[in-house]
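In case you want the letters, here they are:
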Amino acid sequence: QVQLLESGGGLVQAGGSLRLSCAASGRTFSSYGMGWFRQAPGKEREFVAGITGNSGRVAYADSVKGRFSISRNNAKNTVYLQLNSLKPEDTAVYYCAAAETWLPPLNEYDYWGQGTQVTVSS
């Protein structure tokens, strides 16, 4: 069983930065690939970024490439998402999720956090 807790969201002006954290419980954190997703009002939840258990591979949605960066610290059971050059369209609730396979379909992630709100003002 893995429990995930996101933090670091907030209100920021366009062009600003935020760093999201996702703290995981359990001693098997390093065996899970981790993903960040987001859901804006009235829209479906979408993939943002993913990272393998050993940080050997990362992936990003085209909409965030070059602006967002995913990383993890297995000693701290934490995965991060650095958000730079934020745009109003990045406004959403951001979720982290854990999966035993690499970038499975959204509905095959094993564990989800409760989300953290990111609001970008113009």
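Every value quoted in this text rests on a predicted model; they were computed, and no experiment measured them.

Cut-offs applied
Residues numbered from 1 in each chain as written. Predicted model: local features only at pLDDT ≥ 70, side-chain atom pairs only at ≥ 80, totals over all residues. Heavy atoms only, no water. Phe/Tyr/Trp six-rings, centres within 6.5 Å; stacked < 30°, edge-to-face > 60°. Helix = DSSP H or I, 4+ residues; strand = E, 2+ residues; numbered from the N terminus. Buried < 20%, exposed > 50% of the residue type's maximum accessible area, 1.4 Å probe, protein only. Lys NZ or Arg CZ within 6 Å of the ring centre and 35° of its normal. Salt bridge = Lys/Arg side-chain N within 4 Å of Asp/Glu carboxyl O.

1. Some points on the packing of aromatic side chains
And step 1. In total, this model carries six aromatic pairs according to the counting rule given.
And step 2. Centroid distance Tyr32 to Tyr111: 5.9 Å. Interplanar angle 75 degrees. Geometry classified as edge-to-face. In this pair, Tyr32 sits in the loop between β3 (18–24) and β4 (33–39) while Tyr111 sits in strand β10 (residues 111–112), placing the two residues 79 residues apart along the sequence.
And step 3. For Tyr32, a relative accessible area of 7% translates into the label buried.
And step 4. Exposure remark for Tyr111: the relative accessible area of 18% places this residue in the buried category.
And step 5. Taking the centre distance of 5.8 Å and the plane angle of 75 degrees together, the rings of Phe37 and Phe47 count as edge-to-face. Here Phe47 lies in strand β5 (residues 46–51) and Phe37 lies in strand β4, a separation of ten residues in the sequence.
And step 6. Members of the aromatic cluster, each reached through a chain of ring pairs, are Phe37, Phe47, Tyr95, Tyr109 and Trp112.
And step 7. It is Arg45 that lies over the ring of Trp112; its NZ or CZ is 4.9 Å from the centre.

2. Side note on the pattern of salt bridges
And step 1. Following the criterion strictly, the structure yields four salt bridges and no others.
And step 2. The salt bridge involving Asp90 is made with Arg38; its shortest N-O contact spans 2.9 Å. With Asp90 in the loop between β8 (78–83) and β9 (92–99) and Arg38 in strand β4, the pair connects residues that are 52 residues apart, well separated along the chain.
And step 3. Assessed through its relative accessible area of 0%, Asp90 is described here as buried.
And step 4. Measuring nitrogen to oxygen at the nearest pair gives 3.2 Å for the salt bridge that ties Asp62 to Lys65.
And step 5. Overall, the relative accessible area of 65% leaves Asp62 in the exposed class.
And step 6. A network of salt bridges, in which partner residues are shared, links Arg38, Glu46, Arg67 and Asp90.

The analysis is restricted to geometry; functional conclusions fall outside its scope.
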